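Residue-level listing of the chains:
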Amino acid sequence: MTTNRPLFMPVILGTARQGRASEHVARFVFDEVLKREGVETELIDIRNIKLPTTDAGEAIKDAQFSATVERADALIIVVPEYNHGYPGLLKHVLDTNLKEYIHKAVGVCGVSAGVFGGTRVIENLLPVLRELGLVTIFWDGNFSNVGTLFDQSGKLLDESYVPRTDKFLKELIWMAKTLRHGRENISSGVGGQGPGAD
Ligand SMILES: Cc1cc2nc3c(=O)[nH]c(=O)nc-3n(C[C@H](O)[C@H](O)[C@H](O)COP(=O)(O)O)c2cc1C
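Residues numbered from 1 in each chain as written. Predicted model: local features only at pLDDT ≥ 70, side-chain atom pairs only at ≥ 80, totals over all residues. Heavy atoms only, no water.

Undergrad: How should the nonpolar core be read in this particular structure?
TA: Generally speaking, nonpolar side chains in soluble globular proteins are found buried as a group. Core analysis: the biggest nonpolar cluster contains 31 residues, and Met 9, Val 11, Val 25, Val 29, Val 33, Ile 76 and Phe 143 have the highest contact counts within it. Residue assignment for this core shows that the elements contributing at least two residues are β2 (11–13), α1 (22–34), β5 (74–80), β6 (104–111) and α5 (161–185). It is α5 that provides the largest number of residues to this core, a total of eight residues. Each residue touching Ile 76, except ones within four places of it in the same chain, is listed here: Met 9, Pro 10, Val 11, Ile 12, Val 29, Val 33, Gly 107, Cys 109, Phe 168, Leu 169 and Leu 172. In terms of nonpolar packing, the next biggest core, distinct from the first, is built from 26 residues, Ile 12, Leu 90, Val 121 and Ile 122 among them. (Core = buried A, V, L, I, M, F, W, Y, C linked by side-chain atoms within 4.5 Å. Buried < 20%, exposed > 50% of the residue type's maximum accessible area, 1.4 Å probe, protein only. Helix = DSSP H or I, 4+ residues; strand = E, 2+ residues; numbered from the N terminus. Contact = heavy atoms within 4.5 Å.)

Undergrad: Help me understand the pairing of β5 in this model?
TA: Side-chain direction in a regular strand flips from residue to residue, so the side chains alternate between the two faces of the sheet. Counted residue by residue, β5 has seven buried out of seven residues, so it is predominantly covered. Pairing of β2 with β5, which is carried by three bridges, proceeds in the parallel orientation. Directly across from Val 11, in β5, lies its bridge partner Ile 76. Relative to β6, β5 is paired through seven bridges, and the arrangement is parallel. Within β6, the residue paired with Ile 77 across the bridge is Val 108. (Pairing = 2+ DSSP bridges.)

Undergrad: Would you explain the environment of Asp 62 in this entry?
TA: Relative to the assigned elements, Asp 62 resides in the loop between β4 (43–45) and α2 (63–71). As for Asp 62 and Ile 49, which are separated by 13 residues in sequence, their C-alpha atoms are 7.0 Å apart. Asp 62 has contacts with Ile 49 and Leu 51, leaving out every residue within four places of it along the chain.

Undergrad: So what exactly am I meant to see when it comes to unusual backbone geometry here?
TA: Phi is mostly negative for residues that are not glycine, and the peptide bonds are mostly trans. In this model, Asn 83 sits at a positive phi of 50°, which is unusual for a non-glycine residue. Tracing the chain through its elements places Asn 83 in the loop between β5 and α3 (88–94). Even without being glycine, His 84 reaches a positive phi, approximately 65°. Position of His 84 among the secondary structure elements: in the loop between β5 and α3.

Structure, rendered in structure tokens:
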């Protein structure tokens, strides 16, 4: 048996930069998730997670963020491409949890000023997510030319992103359901924690 409470899939806005265009993307994706039956969400702005910078990892857990990840069935990470990589602050935030992520789904929406829609940052983020114990999907969000993709008020100007995001969310929901079934019904045989310090 698998519990049939709604799936919980929070959206993480992965940059604190002033003037960030990723905020428009995160709000768009958040609104698309809200439209889904049987799915609950929350927008997590990493700007609001105040972490010290003189330590790292589980030692500096933010209780509210950890509780949100613990409750989640899937995470949606909206990440801008900074020199083909991810913002350091996003990594700092993600590093504060471990067991909370295990056997949960994750989908990534890359954001870039250029035409590649954050494909390079996504490729760089995937091994990090795997090490955290998250399970990635084979569909991403790629938000290209983000400087002109939204108007000043944050309204999406290219409707083709709606069906693409729908496809991305369908895949993520499938993985989230599958993994919830696995977590609740199938023993992994290796205990609750992955390799961790390896
Ligand atoms: C430090 C930094 C590095 C960046 N590197 C890239 C890059 O490698 N490729 C790219 O397409 N855009 C790059 N950009 C532009 C961002 O993709 C652009 O700002 C976009 O709006 C998404 O980031 P934002 O949410 O911070 O606005 C960079 C921006 C910053 C601030």
